[in-house]
Amino acid sequence: MNPTYQLLFRINCFHTFFTNGKLTNVQLRPDSLTENVFKNYDLILRREVNGIAIFYAEFFADEHRTREQVLADNLLLNFKLSCNDDNIFNYTDFMPRVIEENLLFFKYPFSFKSAQPGLMHSKDCVSELDLKNNLTLEQPYFSKPFGHIQITTDQQIPEDLKIQFFAPSLFWRYIIYKSHLLEFEGLAIANKNKSIFFTGPQSIQLPNGNAAVAFTSPTAMPYKEHPDVNWQLLEQYKQGSNSGRVIIPILPVPKTNQVSFLGKQYAIENTSRVLEIFI
């Protein structure tokens, strides 16, 4: 008789930057002691697009067992959390700029009241509160990974454990520096129906001494994989009118590997993060 397996629990990572909400560029790997637990308890690990799922065999040593019986043995499971996207901090909010010896650390049972069932951090999203110094781990990593997950099972552990990252809301600032674009009069940046305009143009000087003009979004906009609105560059625009000829129908959007900050990171009223896009 082929053994049947049932879900013990799963761990999945999510990120509001992505259209499907899933952080797929992560991997969870059990350490050697955890792999031994899997063998001794007839557990199997299956990779999911944004995490892992762990299953147990319903029949073990010729006896039927339940999920609660497996969990009651307080199994100690450790997982290395890796991320293969070097740019993740560019599109993730509430993260420090320098993590040095720290890594993200998540532990069950929780030492806090979770904001929602199965959430593995005390806030709605991962933040600096979830950092831990690598050297303080029972077995520090020689090469520090993105994070570590430690789980001691009990009968109350949710079937779905979640790690949630948030993307920031940023002021976008288009920097127009190409000479042929600067020759146009009445430059403006607006959405397709010209109902929302960026503030500008503002004359600025680039670090190399060249002149440029800047346009800044009127409000902070969510940083997304696929933005909700396309912006266009106009010329011959007169404020308060519906005039203006489109010279670039769809302006480039921020790329996670091309995030650039011109001067101070917090440039609007010393509080708001600004994302520069050069055209």
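None of the values given here were measured: they were computed from a predicted structure.

Caption draft 1: Region of the structure containing the overall build of the protein. Summing up its helical and strand segments, the protein has three helices and 20 strands in all. The C-alpha atoms of the protein give 25 Å as radius of gyration, which overshoots the globular expectation for 279 residues (19 Å, by more than 25%). Taken over the C-alpha atoms alone, the protein extends approximately 80 × 40 × 30 Å along its principal axes. Restricting to contacts in the protein with at least 6 residues of sequence separation, those with at least 24 account for 73%. On the protein, roughly 15,400 Å² of surface is accessible, and the fraction owed to carbon and sulfur atoms is 48%. Charge centroids of the protein, computed over 26 positive and 28 negative side chains, lie 7 Å from each other.

Caption draft 2: Examining the confidence of the model for the protein more closely. When pLDDT is averaged along the protein, the result is 89, and 93% of the positions lie at 70 or above. Note that residues 261-267 has pLDDT below 50 and, in this model, 20 contacts with residues that lie over four places away or in other chains.

Caption draft 3: View of the packing of aromatic side chains. Considering all chains together, one arrives at 13 aromatic pairs under this definition. Considering the side-chain rings of Phe110 and Phe112, the 5.2 Å spacing of their centres and the 20° angle between planes classify their relative orientation as stacked. Relative accessible area serves as the criterion here: at 26%, Phe112 is assigned to the partly exposed category. An aromatic cluster is defined as three or more aromatic residues linked by ring pairs; in this entry it consists of Phe17, Phe18, Tyr91 and Tyr223. The ring of Phe105 is capped by Lys132, whose NZ or CZ atom sits 5.1 Å from the centre of that ring.

Caption draft 4: Quick look at the sheet that holds strand E7 (residues 76-83). One open sheet accounts for five strands, arranged E2-E7-E10-E8-E9; its pairing is mixed. Each edge of the open sheet is held by one strand with a lone partner, namely strand E2 (26-30) and strand E9 (131-133). Direction aside, neighbouring strands of the sheet carry axes that sit 35° apart on average. Pairing between strand E8 (residues 102-108) and E9: three bridges, direction antiparallel.

Caption draft 5: Here's a closer look at the pairing of strand E3 (residues 43-48). Relative to strand E4 (residues 51-57), E3 runs antiparallel, the two sharing six bridges. Each residue of the ladder has a partner; that of Glu48, found in E4, is Gly51. Between E3 and E4, which follow one another and run antiparallel, lie two residues.

Caption draft 6: Geometry of the environment of Lys123. With respect to the helices and strands, the residue Lys123 is situated in the loop between E8 and E9. Residue classification places Lys123 among the partly exposed positions, given a relative accessible area of 46%. Spatially, the C-alpha atom of Lys123 lies 34 Å from that of Thr199, the residues being 76 residues apart in sequence.

Caption draft 7: Spatial organisation of helix H1 (residues 32-41). The complete set of buried residues in H1 reads Thr34, Val37 and Phe38. For H1, the arc enclosing every buried residue in end-on projection is 100°, short of the 170-degree limit, so these residues lie on one face. Among the exposed residues of H1, those oriented more than 90 degrees off its buried face are Leu33, Lys39 and Asn40. For H1, the secondary structure elements touched by its buried residues are E2, E3, E4 and E7. With its phi angle positive at about 55°, Asp42 sits one or two positions after the end of H1.

Caption draft 8: Focus on unusual backbone geometry. Omega for the bond connecting Tyr108 with Pro109 falls within 30 degrees of zero, at 0°, which places this linkage in the cis form. Residue Gly200 is joined to Pro201 through a cis peptide bond whose omega torsion reads 5°. Along the chain, Pro201 falls in strand E14 (residues 199-205). Positive phi is not limited to glycine here, since Asp42 has a value of about 55°. Its identity is not glycine, yet Asp62 carries a phi of approximately 65°, on the positive side. Residue placement: Asp62 occurs in the loop between strand E5 (59-60) and strand E6 (63-64). Classification of Asp62 by relative accessible area gives exposed; the value is 81%.

Reading the values: rules and limits
- Residues numbered from 1 in each chain as written.
- Predicted model: local features only at pLDDT ≥ 70, side-chain atom pairs only at ≥ 80, totals over all residues.
- Heavy atoms only, no water.
- Helix = DSSP H or I, 4+ residues; strand = E, 2+ residues; numbered from the N terminus.
- Rg over C-alpha atoms; globule rule 2.2 N^0.38 Å.
- Contact = heavy atoms within 4.5 Å.
- Areas by Shrake-Rupley, 256 points an atom, 1.4 Å probe, with all protein chains shown as cover.
- Lys, Arg positive; Asp, Glu negative; His and termini not counted.
- Charge placed at Lys NZ, Arg CZ, Asp CG, Glu CD.
- pLDDT = per-residue confidence, 0-100.
- Phe/Tyr/Trp six-rings, centres within 6.5 Å; stacked < 30°, edge-to-face > 60°.
- Buried < 20%, exposed > 50% of the residue type's maximum accessible area, 1.4 Å probe, protein only.
- Lys NZ or Arg CZ within 6 Å of the ring centre and 35° of its normal.
- Pairing = 2+ DSSP bridges.
- Axes fitted to C-alpha atoms, helices over the stretch in contact; angles between N-to-C directions.
- Arc of directions from axis to C-beta.

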